[in-house]
Amino acid sequence: MTTDSTDSTPIVPANTVSDKTESFDARETRAAIAEGEEKSPEENLDLDKDYAAAQAMSQGTLSPDEAAKQVAPQHEVAQPEDVNISSEDDSLPAAGGDPADYRELARDMRPSA
């Protein structure tokens, strides 16, 4: 970044975006929170509780059941259904075969050989 010799203001190239810009989605979300249409994500955060849980998990002092409870989703998550997509025709042919067939195929691909 360069500065103009008469002014100490940095000259920013035209193709760069200032770090202070905010996306359309961010502005809309901020307006919805201000109007009370959406809850602020900060309201649901308990950093001290999350930090203590992360420490306990990293030290291995939690049982598997306790760890599963702490990382469980807050909402019900749909489970995928098992679908059988195989059939009897899915098997590959047995290896082997007549080498003459492969030579004939090679000749078809490269007749000068």
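Everything numeric here is computed off the predicted structure, so don't read it as measured data. (Residues numbered from 1 in each chain as written. Predicted model: local features only at pLDDT ≥ 70, side-chain atom pairs only at ≥ 80, totals over all residues. Heavy atoms only, no water.)

Draft legend 1. Quick look at the overall build of the chain. Within the chain one finds four helices and two strands. What you see in the chain, going N to C, is helices and strands ordered as β-β-α-α-α-α. As presented, the chain carries roughly 11200 Å² of accessible surface, and 52% of it is formed by carbon and sulfur atoms. (Helix = DSSP H or I, 4+ residues; strand = E, 2+ residues; numbered from the N terminus. Areas by Shrake-Rupley, 256 points an atom, 1.4 Å probe, with all protein chains shown as cover.)

Draft legend 2. Geometry of the confidence of the model for the chain. Per-chain confidence: the chain averages 75 in pLDDT, with 72% of residues scoring 70 or above. Per-element confidence in the chain ranges from a low mean pLDDT of 50 for strand 1 (residues 2-3) to a high of 87 for helix 1 (residues 24-35). (pLDDT = per-residue confidence, 0-100.)

Draft legend 3. View of a negative patch on the surface. Residues D25, E28, E35, E37 and E38 make up a contiguous surface patch of negative charge. Mapping D25 onto the fold places it in helix 1. (Patch = residues over 30% accessible without salt bridge, like charges linked within 9 Å, V, L, I, M, F, W, Y side chains within 5 Å. Salt bridge = Lys/Arg side-chain N within 4 Å of Asp/Glu carboxyl O. Lys, Arg positive; Asp, Glu negative; His and termini not counted. Charge placed at Lys NZ, Arg CZ, Asp CG, Glu CD.)

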